[in-house]
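Breakdown of the fold
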Amino acid sequence: MRVKHRVSVYSDGSYIGSFIKTIEMPGLPVLGSKMRFGSGVHKVTTTVDSQIFDEESSLFITNSSIDIEEYSRKVADYIPPDRFPIELVKRCGFNVESLGDEFEHIYEKLA
């Protein structure tokens, strides 16, 4: 089953951007389940927050989010705001859906 997965990235509550990728899955993920994208040290793990069915594309869309500040506290290390957007696009195959105004400079690093 094809599922469109949207990851929204925040830094201390400030919206950095949304990234989207359509993937083949054995079934629809359960709310609260963990999704891991990428490989090796470039893995990005998210938790499924919500799901909707998009009639136009005939796909389910799962939504998840990552807060960089929260993740930094969890691993006890500083993580720059552009790390997860770069990992999602360059290492995990996501496309940029949108970027927050103050983070549009990240487009340069994604080129």
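In case you missed it, the structure is sitting above this.
Here the residue numbering is sequential within each chain, running from 1 through the sequence in written order. With pLDDT at 70 or above as the cut-off, local features in this predicted model cover only qualifying residues; side-chain atom pairs require 80 or more to be listed or tallied, and sums for whole chains, interfaces and linings still use all residues. Only hydrogens and water are set aside when side-chain values are computed; all heavy atoms of the structure are taken into account.

1. Focus: the overall build of the protein
- Scanning the protein from N- to C-terminus turns up three helices and six strands.
- As defined in this context, the radius of gyration uses C-alpha atoms, and a globule is described by 2.2 Å times the residue total to the power 0.38. Against the 2.2 N^0.38 benchmark of 13 Å for 111 residues, the protein shows a C-alpha radius of gyration of 14 Å, consistent with a compact globule.
- Summarising its shape, the C-alpha atoms of the protein cover approximately 35 × 25 × 25 Å along the three principal directions.
- We call two residues in contact when some of their heavy atoms are within 4.5 Å. Looking at the protein alone, contacts between residues at least 24 apart form 50% of all its contacts between residues at least 6 apart.
- Accessible area for the protein stands at about 6,500 Å²; split by element, carbon and sulfur atoms hold 48% of it. To qualify as a helix, a DSSP run of H or I must reach at least 4 residues; to qualify as a strand, a run of E must reach at least 2; elements of each kind are numbered from the N terminus. Each accessible area value is a Shrake-Rupley result obtained with a 1.4 Å probe; residue values ignore everything except the protein chains displayed when judging cover.

2. Notes on the pairing of strand 5 (residues 59–67)
- Strand direction decides the pairing type here: strand 1 (residues 2–11) and strand 5, joined by eight bridges, are parallel. In the strand pairing of strand 5, Val 9 is matched with Ile 66.
- When DSSP finds two or more bridges between a pair of strands, those strands are recorded as paired. What sits between strand 4 (residues 44–54) and strand 5 in their antiparallel hairpin is a turn of four residues, with Ser 58 showing a positive phi close to 60°.

3. Digging into the nonpolar core
- By convention a nonpolar core is built from buried Ala, Val, Leu, Ile, Met, Phe, Trp, Tyr and Cys residues, the set being connected through side-chain atoms within 4.5 Å. Each residue is assigned to one of three classes by its accessible area relative to the maximum for its type, calculated with a 1.4 Å probe on protein chains only: buried under 20%, partly exposed between the two thresholds, exposed over 50%. If you look at the biggest cluster of nonpolar residues, it comprises 24 residues, and the most contacted ones within it are Val 9, Phe 19, Leu 88 and Phe 94.
- Taken together, the elements giving at least two residues each to this core come down to strand 1, strand 2 (14–24), strand 3 (34–37), strand 4, helix 2 (83–91) and helix 3 (106–110).
- No other element matches helix 2, which puts four residues into this core.

4. Details of helix 2
- Among the residues making up helix 2, those that are buried are Phe 84, Pro 85, Ile 86, Glu 87, Leu 88 and Val 89.
- Backbone geometry just after helix 2 places Gly 93 at a positive phi near 80°.

5. Remarks on the sheet that holds strand 1
- Reading across from one edge, 3-4-5-1-2-6 is the order of the six strands in this open sheet, with mixed pairing throughout. Since the sheet does not close on itself, it has two edges, and those belong to strand 3 and strand 6 (95–99), each with one partner. For this sheet the average axis-to-axis angle between neighbouring strands, irrespective of direction, equals 35°.
- In this sheet, strand 5 lies alongside strand 4 in antiparallel orientation, the contact comprising seven bridges. Each bridged residue has a counterpart across the sheet, and for Ile 52 the counterpart in strand 5 is Ile 61.
- Lines fitted to the C-alpha atoms define the axes, with helices restricted to the stretch that makes contact. Angles between their N-to-C directions range from 0 to 180 degrees. Together, strand 1, strand 2 and strand 5 form the strand contacts of helix 1 (residues 68–75), whose direction differs from that of strand 5 by roughly 60°.

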